[in-house]
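Architecture at a glance
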Amino acid sequence: MNTDTQYLHQVAESDYEHGWSTEIDSDTIPKGLSEEVIRLISAKKHDPDWMLESRLRAFRHWEKLASDTDKYPRWAHIQYPNIDFQDISYYSAPGNKPRYDSLDEVDPELIKTFEALGIPLEEQKVLAGVAVDAVIDSVSVATTFKEELAKHGIIFCSFTEAIENHGDLVRKYMGSVVPYTDNFYAALNAAVFSDGSFCYIPAGVRCPMELSTYFRINEAGTGQFERTLIVAEEGSYVSYLEGCTAPRRDENQLHAAVVEIIAHKDAEVKYSTIQNWYPGNAEGKGGVYNFVTKRGICEGAGSKISWTQLETGSAITWKYPSVILKGDHSVGEFYSVAFTKGRQQADTGTKMLHLGRNTSSTIISKGISADRSNNSYRGLVRINKGAENARNFTQCDSMLLGDRCGAHTFPYLEIQNPTAQVEHEATTSKVGEDQMFYCQQRGISEQDAIKLLVSGFCQEILTQLPMEFAVEARKLLAIELEGSVG
Amino acid sequence: MKSILNIQGLKASVEGMPILNGVNLSINAGEVHAIMGPNGSGKSTLASVLAGNEDYEIDGGTVDYLGTDLLDMDVDERAREGVFLAFQYPVELPGVSTMNFLKQAVNSVREHQGLEPLKAAALLRLAREKAALIELDARLKQRSVNQGFSGGEKKRNEIFQLAMLEPTLAILDETDSGLDIDALRSVSNGVNQLRTPDRGFLVITHYQRLLDYLVPDFVHVMVNGKLVRSGGRELALELEEHGYDWIQDHLPE
Amino acid sequence: MPIVMDHRVEDRFLAAYERYQSMNGTSGPLSDLSQKAIERFAEVGFPTRKNESWKYTNITPVINRTYQIADPETTTVDGIEGLDAYRAVFVNGLFAPEHSILDGLPSGAVVESLHGASEDDLIQTHVGTYADYHQEPFTALNTAFLKDGVVIRVSSGVKLDRPVHIIHVITADQPILVQPRTLIHAGEGASIQVVYSTELKGSTSALINAVTEIHVSKEAQVEFSDLQIGTPTTSRVTNLSVYQQNQSKFQSDVFTFGGEITRNNLSIHADAEHCESLLHGLFMAREKSHIDNSTFVDHAKPNCMSSEYYKGILDEDAVGVFHGQVLVREDAQLINAYQTNRSILLTDTARMFSKPALEIYADDVKCSHGATTGQLDKEGLFYLRSRGIHEKDARRLMLTSFAGDIIEKSPIQALHEVIYGHVDRMLS
């Protein structure tokens, strides 16, 4: 057996590979949300005053939104009971000591966690050249390669450290792309977020390595609310990777993150995600509610923001990585594979908001639905009045594996400038019978043929991922398919 | 001589419409059989039925392949047992890389034969060798299976796969259609090199010209789902001269 | 100081309903339906932009005005030049036999007023069955005020030799609300073409709230052409609901030119196998005109085909909306559903909102949609000019052929020339 199939085999037996939890001491505050809780989180984080005020502003706004359950966001093509926001703990940190100065101080159980996750924290993996920030539950536990990056003037650290050491930058940019007023979960996040990653690339610097954050929810009954902020100064470049897992639990866990990207003139940010939160069991029990707001702004002329995602996890995914194309000649891209099985529900897509002249955007979305899952693409392309010569090309393809799942496409095209060229194409189909016959005539079994063809269907997206990540993505996809075909 | 295929009274229909009306045909190891016939006579249906296409209903008859009932096997089983169909219209597989596809196909067959799977390097070497044999542009191997290939490239790719999979029975369904004369010559040349004493060929064609390059041992003429005449190489030339009307006019009552 | 109470705009319609009922009596076969409809309307009220399906169309200014419901006056009818058709004329929503030409209808074909229709059973069974007043507030309003309308009945096997032309004449000197109602019932294997148009006399503003229900029986064929030439003071909401049975064929050709606000709802319920549904639309608007085409195709059973093709040309400050939704229900296998929307914006201030959605719960289907919005093709324009054609003429030529795609799909030849004429007027 080659290593690929061994890997498949192990995981097919365990269904959800990352479904363990780690036995480590943790500092978890009681469930519930109130102004006191916000103040408590803020105190634990040693927030400066401005940060506390910012949290309270967001909390008051959220309280207003949350006071009427009729007003909870319901527009997505997903179904779930109203979340009891008082039944969640909003802060959980591993160990008694919330911050670590070196890896030696980290609980060995935690290190095992990272090893199990395949996170390259130890020496040999460090040679792989990936700088990692890992966030467990709500707290950033380790950031590698900080010194190497510092030589280039690159700041890559936990959000907490950023607030402490780079307060001006955080104050300037946090909330500038996703203000707390943006939506229900953005407000909640702005009030309770406990950590996350911060990344700053100075002008003219091409980040010499991929930056990576791994997120994991570990503690039961907790939510995870992290923020990521990436600022790319003029002419800089960074490729940023994000991976997520959570233990298998019978109750639903809430993940409400915010990611903000600012790309200045001629800067380029490539943001890749492999999202593999626990999806719940086959009957739909448990799993993560993944309500995420991700948005970037192409602030300067000639800047570029590219989102690539492989979404296989979460009971519910509600996520629209977007780009505001403000600078002239700026470029926005969205490449996505969303795979749902069991009772998973995904409502995901993007928004491309064209403001500047000669801006262009590309959206390629591949949705695969299996079992009794529902998979929706929802995307907005808006060409504003002043956005002369804007271009958009959108392609959404859906594939259904089985006759009890759903595949849906909800595009919104809002064109307010006659020089726009906007093209949208979408198809829905199953694996082609003639293609299956062709593969099988060459001796390939039905199951393998389906896997081969589905991987082919996603190929266009997977090639957008950085090399190492692409390998991982392919494996993950193969594992997911293993459990849902045949 | 060792019998590879023995078809007796094979009848098949699609959506209630009979297409094959009792085909009898026997192929031995080392032989090349050609089936000719007018459009709609059922030639390609025979190829599809032998490969295991489930769109066709089997209404009667038997097909013995190396002593076992071919009709009892699924399409991929037949392929692993050594039945290869070079398609008339090879389908495109977007995003599926040719090498990955070949790896799965070759190793499925090898596993079935109790052989070790080929490692990537060995497979590459084999592919290079076989590609040279049929003058396949090396760049085609880098692309998705058949995607964006010209008609000729697709046909060449079929023969390339034939070479890679080394089947016992190779069925070529109108491999000549859509080929210009140079391509026809090089594809035929490739096929000729794949003729071995233990392999049988069933070549389906509308035109005689393929048989100039790929000289058959036997020629059969199919009309209305039956093989109505059989003969040697000269039968093809007769057909070329007189056309299919001639054979229809001279059918025995 | 007197205390002024804020009234919901709906309350004015509810009050009007009370007066309307006391004038027209509350008996009759449809009074029950009418009562339920007004209750539903009172419950849901008019749609606002918060309602997903009204996201791009703000109807509030139109419904905030005061309208009267007026009796018909003596008037004249223009008809459509060159169209050889049976003619059923309604003035302000009431059947006008003196203007109608229904002689020579083959036996088995009946065109009559809903009020005093010959077959109560048919009315009872079908009116209000396809147009869902639960879902659509405007349908609820129309159903509540249901007093008269047209019933077209074609018995099994009867194929009409000429189209039936329904003309709504609207005549008033005060702002007027007209709520036409139509029921078309095509029996098994029957075949009929219907042309539906509106004529506005006088310069006052009008709100037309039309509901049309079409039942297409097994193997029947119905073609429905809707030709609307709007004015800057007329707004129109239409709900066309079609119910298709086994092996039936339905085609709609919706041509909308101008108007203040137009909202065309078209819903197809393909409730049996082997149905074919073709939905074609052309919309052209200038000034501040707003045209919203909203379609819903519900594939409830397997082996059906639907194809949707809408094109729009938007000039000056006009706004176009296309909202197409295709639903393929569980087990409705082997569906082919296509949806295309192409629009051209001619000015910096014209806008187009397109929302072509697919909702699919069966795996063995072929569904696709495409949408494009842009300018006239520059290369084409250049090519024409390089042949010596003036830019103005070249543009007109290209836009006419863009529209022609849809026009030529209408099976009624006599309409082609008339519609090309309207296209030409819109472009000059």
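Here the structure is a predicted model, which means the values were calculated and not measured.

**A short note on the overall build of chain C**
When its secondary structure is counted, chain C shows 8 helices and 20 strands. Computed over the C-alpha atoms, the radius of gyration of chain C is 21 Å, within 12% of the 22 Å expected from 2.2 N^0.38 for a compact globule of 428 residues. The principal-axis extents of the C-alpha atoms in chain C amount to approximately 70 × 65 × 45 Å. Per-residue burial for chain C yields a buried fraction of 61% across its 428 residues. Restricting the contact set of chain C to residue pairs at least 6 apart, pairs at least 24 apart contribute 84%. Across chain C, the centroid of the 37 positively charged side chains sits 6 Å from that of the 56 negatively charged ones.

**Some words on the interface of chain A and chain C**
Quoted interface sizes are often the accessible area lost when the parts come together. Between chain A and chain C, the contact holds 34 residues from the first and 36 residues from the second. Surface buried jointly by chain A and chain C totals about 2,900 Å² across both partners, of which 49% is contributed by carbon and sulfur atoms. Between chain A and chain C we count 3 salt bridges in total. A salt bridge links E330(C) to R404(A); its shortest N-O distance comes to 3.3 Å. Our enumeration of links across chain A and chain C arrives at 15 residue pairs in polar contact (both at pLDDT 80 or more).

**Here we look at the interface of chain A and chain B**
The interface is formed by 18 residues belonging to chain A together with 30 residues belonging to chain B. In total, about 2,000 Å² of surface goes out of reach between chain A and chain B, with carbon and sulfur atoms giving 64% of it. For chain A, the biggest contributors to the area lost against chain B are F437(A), Y438(A) and R442(A); these three give 38% of the whole. Where chain A packs against chain B, one counts 1 salt bridge. Where R442(A) meets E158(B), a salt bridge forms, and the shortest distance between an N and an O atom there is 2.6 Å. Taken together, chain A and chain B are joined by 11 residue pairs in polar contact (both at pLDDT 80 or more).

**Some details on the confidence of the model for chain A**
All names here are of chain A. Scored by pLDDT, chain A comes out at a mean of 83, with 80% of its residues at no less than 70. Taken together, the stretch residues 96–101 has pLDDT below 50 and engages in 14 contacts with residues farther than four places along the chain or on a different chain. For the stretch residues 120–129, pLDDT sits under 50, and the model shows 15 contacts to residues farther than four places along the chain or on other chains.

**Description of the nonpolar core**
Ranked by internal contacts, the top residues of the largest apolar core, which has 107 residues, are L211(A), I152(C), I192(C), I214(C) and V328(C). Tallying contributions element by element places strand β9 (residues 206–216) of chain C first for this core, with 5 residues. Residues within four places of I192(C) in sequence aside, it is in contact with I152(C), V154(C), L160(C), V164(C), A186(C), Q221(C), V222(C) and E223(C). Counting residues in each nonpolar core, the second largest holds 103 residues, with V431(A), L10(B), V32(B) and L210(B) among its members.

**A word on helix α1 (residues 9–24) of chain C**
Between its terminal C-alpha atoms α1(C) stretches 23 Å, which fits the 22 Å expected from 16 residues at 1.5 Å a residue. The inward-facing, buried residues of α1(C) contact α2 (31–44), α3 (60–63), α5 (137–144) and β6 (176–178) of chain C.

**Quick notes on the pattern of salt bridges**
If charged atoms from side chains of opposite charge come close, those side chains can pair. Throughout the structure, instances matching the rule amount to 50 salt bridges over all chains. Salt-bridge contacts for E35(A) lead to R39(A); the nearest nitrogen and oxygen are separated by 3.0 Å. Placement of both E35(A) and R39(A) in helix α2 (residues 35–44) is noted, with a separation of 4 residues, approximately one turn of the helix. Residue classification places R39(A) among the partly exposed positions, given a relative accessible area of 40%. D405(C) is the partner of K311(C) in a salt bridge, and the nearest nitrogen-oxygen pair spans 2.8 Å.

**A look at the environment of S34(A)**
Of note, S34(A) is situated in the loop between β1 (26–28) and α2. Put simply, S34(A) and E53(A) are 19 residues apart on the chain and 14 Å apart in space, counted from C-alpha to C-alpha.

**Digging into the packing of aromatic side chains**
Applying the stated criterion to the full structure yields 33 aromatic pairs over all chains. Relative to Y289(A), the ring of Y80(A) has its centre 5.5 Å away and its plane inclined at 55°; by these criteria the two rings are tilted. Note that Y80(A) is positioned in the loop between α3 (49–66) and β2 (92–94) and Y289(A) in strand β13 (residues 287–298), a separation of 209 residues in sequence. By relative accessible area, Y80(A) is classed as buried at 13%. Linked through ring pairs, F59(A), W62(A), Y80(A), F85(A), F184(A), Y185(A), Y289(A), F291(A), W318(A) and Y320(A) together constitute an aromatic cluster. Sitting above the plane of the F402(C) ring, K311(C) keeps its charged end 4.2 Å from the centroid.

Procedures and definitions
Residues numbered from 1 in each chain as written. Chains lettered and ligands numbered in written order. Predicted model: local features only at pLDDT ≥ 70, side-chain atom pairs only at ≥ 80, totals over all residues. Heavy atoms only, no water. Helix = DSSP H or I, 4+ residues; strand = E, 2+ residues; numbered from the N terminus. Rg over C-alpha atoms; globule rule 2.2 N^0.38 Å. Buried < 20%, exposed > 50% of the residue type's maximum accessible area, 1.4 Å probe, protein only. Contact = heavy atoms within 4.5 Å. Lys, Arg positive; Asp, Glu negative; His and termini not counted. Charge placed at Lys NZ, Arg CZ, Asp CG, Glu CD. Buried area = accessible area lost by both parts, 1.4 Å probe. Salt bridge = Lys/Arg side-chain N within 4 Å of Asp/Glu carboxyl O. Polar contact = N/O pair within 3.5 Å; in protein donor to acceptor, adjacent residues only side chain to side chain. pLDDT = per-residue confidence, 0-100. Core = buried A, V, L, I, M, F, W, Y, C linked by side-chain atoms within 4.5 Å. Expected span 1.5 Å × (residues − 1). Phe/Tyr/Trp six-rings, centres within 6.5 Å; stacked < 30°, edge-to-face > 60°. Lys NZ or Arg CZ within 6 Å of the ring centre and 35° of its normal.

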